[in-house]
Amino acid sequence: MDAIEVEGLEKRYGKKVQALGGVDLSVGRGEVFGLVGPNGAGKTTLIKALVGALRPSGGRARVLGLDPLKDRPELRRRIGYMPQSPVLYDDLPALENVEFFGAAHGVRGLRERAREALRFVELEERANDPVHTLSGGMKNRVSLACALVHRPEMLFLDEPTAGVDPRLRSRFWAAFRELARGGATLFITTHLMDEAILCDRVAVLRQGRVVVCDEPREILQRGRTRLLVREDEREEERIIGGRAEDLAEALHAYGLRESVSAVSVEADSLEQVVLSIIGEEA
Ligand SMILES: Nc1ncnc2c1ncn2[C@@H]1O[C@H](COP(=O)(O)OP(=O)(O)OP(=O)(O)O)[C@@H](O)[C@H]1O
């Protein structure tokens, strides 16, 4: 059984807004799964539906084999959820915030486990500082510690690195990979394609529908490659497909003649490919 199974999931807000228009996707156990898409595409709505924080208007969702609404108490014990904006008690020390979440999950050996979670996000030395004295990035790290204090099998992270500096971002991603190596499944929304590329698979959501769901390198192959060849005094530019085979085929024509003095290749980035997919769909 997959960690997440979603079929035809719909969510309407009132009569006008259809936030999810029939989402189908599945996420395997131990996978690091990325969800990308423009503002308002429905990413947060989908996460909320999966953690049992809202009632879908239609379709079906299973997380760890459970119904997010009917089985919410059990689901909450087994998943961690880091919402888009940290929900923390500003006046309480970082450690007590983590303990609060741990206590809600009935964690045993609470103090030690909360310390361990803060150590994991490298904030142990700020454990006793009130949250309002921490920087934005540090608050995000406390929020991540709160989401994983009960060692969940599955983590939902809604833009966990928004407003986080590049060094800290790479630390977060190292932490995500470590959790996945330990067997956890991660479901992460992001706007950053250099993060999406680190996921095992990525779904692109647009206007409440999944338009692509694949491994990043497969998505990249949908892009275009710009080939520039200088031969004698002439420079020739060709646009070819994004697969390695497309490049080989295009180069056959030149046979690496000595007169070919320079070849340069520019492949679309994941961001360009995703933007063109979103554009095509529009
Ligand atoms: N509580 C709500 N009531 C009414 N409309 C809502 C509500 N929450 C979200 N929406 C609408 O649903 C759509 C999807 O919103 P959602 O927050 O899921 O998008 P998102 O992909 O997470 O966006 P972002 O990248 O900006 O965080 C948007 O049109 C949004 O305005």
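Source: prediction; values computed, not measured. (Residues numbered from 1 in each chain as written. Predicted model: local features only at pLDDT ≥ 70, side-chain atom pairs only at ≥ 80, totals over all residues.)

## What about the overall build of the protein chain?
Short version of the rule: Secondary structure counts use DSSP, requiring at least four H or I residues in a row for a helix and at least two E residues in a row for a strand, with both numbered from the N terminus. Counting other C-beta atoms within 10 Å of a residue's own tells you its class, since 20 or more makes it buried, 12 or fewer makes it exposed, and anything in between is partly exposed; those C-beta atoms are placed from the backbone.
A count of helices and strands for the protein chain gives ten helices and twelve strands. Dimensions of the protein chain, computed from C-alpha atoms along their principal axes, come out at roughly 70 × 45 × 35 Å. The 282 residues of the protein chain split such that 37% are buried.

## Let's talk about the site of the ligand
Here is the rule: Placing a C-beta atom from the backbone of each residue, we mark the residue near a molecule or strand if the atom is within 6 Å of it. By the convention adopted, Pro, Cys, Tyr, Trp, Phe, Met, Ile, Leu, Val and Ala count as nonpolar, Lys, Arg, Asp and Glu as charged, and the other residues, Gly among them, as polar.
Contacts to the ligand come from Tyr13, Val17, Ala19, Gly37, Asn39, Gly40, Ala41, Gly42, Lys43, Thr44 and Thr45. When its residues are assigned to classes, the shell around the ligand shows four nonpolar, six polar and one charged.

## Remarks on the sheet that holds strand β7 (residues 185-189)
Strand pairing within a sheet occurs via backbone hydrogen bonds; the two strands may be parallel or antiparallel. Using the following cut-off: Only strands joined by at least two bridges in the DSSP assignment are considered to pair. Helix axes use the C-alpha atoms of the stretch in contact, all axes being lines fitted to C-alpha atoms, and the angles between their N-to-C directions lie in the range 0 to 180 degrees. With C-beta atoms placed from the backbone, a contact is any residue pair whose C-beta atoms sit within 7 Å.
One open sheet holds the six strands; their spatial order is β5-β6-β7-β3-β8-β9, and the pairing between them is mixed. The sheet is open, and its two edges are formed by β5 (79-82) and β9 (209-214), each paired on a single side. On average, each strand axis in the sheet is tilted by 15° relative to the strand beside it, whichever way the strands run. Where strand β8 (residues 201-206) and β9 come together, five bridges link them in antiparallel fashion. Directly across from Arg206, in β9, lies its bridge partner Arg209. Against the sheet, helix α1 (residues 43-50) touches β3 (32-36), β6 (154-158), β7 and β8, its axis set at about 150° to β6. Relative to β7, helix α6 (residues 166-181) is tilted by about 150°, and along the sheet it contacts β3, β6 and β7.

## Some points on the sheet that holds strand β11 (residues 234-241)
In spatial order, the strands read β11-β10-β12; together these three strands make up an open sheet with antiparallel pairing. Unpaired on one side and paired on the other, β11 and β12 (260-267) mark the two borders of the sheet. Mean inter-strand twist for the sheet, computed between neighbouring axes without regard to direction, equals 15°. Bridge count between strand β10 (residues 224-231) and β11: eight bridges; the pairing is antiparallel. Paired with Leu227 across the strands is Arg238, a residue of β11. Relative to β11, helix α9 (residues 244-252) is tilted by about 145°, and along the sheet it contacts β10, β11 and β12.

## Section: the UniProt feature "domain: ABC transporter" (unreviewed entry) in the protein chain
Filter applied, for reference: UniProt positions are given in the numbering used here, feature names are shortened, and annotations may be inferred rather than shown by experiment.
Cross-referencing UniProt, the feature "domain: ABC transporter" (unreviewed entry) maps to residues 4-232 in the present numbering. The span residues 4-232 carries 33% helix and 29% strand; its end-to-end C-alpha distance comes to 57 Å.

## Here's the deal with the domain arrangement of the protein chain
Cut-off, in case you're wondering: Bear in mind that the domain bounds are from an automatic or database domain assignment.
With domains assigned, the protein chain is organised as domain 1 (4-219) and domain 2 (222-269). The distance between the C-alpha centroids of domain 1 and domain 2 comes to 42 Å.

## What to know about the nonpolar core
Test applied: We call a set of buried Ala, Val, Leu, Ile, Met, Phe, Trp, Tyr and Cys residues a nonpolar core when their C-beta atoms link them within 7 Å.
Of all hydrophobic cores here, the largest spans 71 residues; its most connected members are Val98, Val142, Ala145, Phe156 and Leu186. Of all the elements, helix α5 (residues 136-148) adds the most residues to this core, at seven residues.

## Side note on the packing of helix α3 (residues 94-104) against helix α4 (residues 110-120)
Spelled out, the test is: By the definition adopted for this analysis, an angle is roughly parallel if under 35 degrees, roughly antiparallel if over 145, roughly perpendicular if from 65 to 115, and oblique otherwise. Two helices crossing with the near one rotated counterclockwise from the far one by less than a right angle form a left-handed crossing, whereas a clockwise rotation gives a right-handed crossing.
The N-to-C vectors of α3 and α4 enclose an angle of 120°; their axes lie 9 Å apart at closest approach. Compared by their axis directions, α3 and α4 come out oblique. Where α3 crosses over α4, the handedness of that crossing is right-handed. Two secondary-structure elements touch here, α3 through Ala94, Leu95, Val98, Glu99, Gly102 and Ala103 and α4 through Leu110, Arg111, Arg113, Ala114, Arg115, Ala117 and Leu118. Tallied by class, residues from the contact of α3 with α4 come to eight nonpolar, one polar and four charged.

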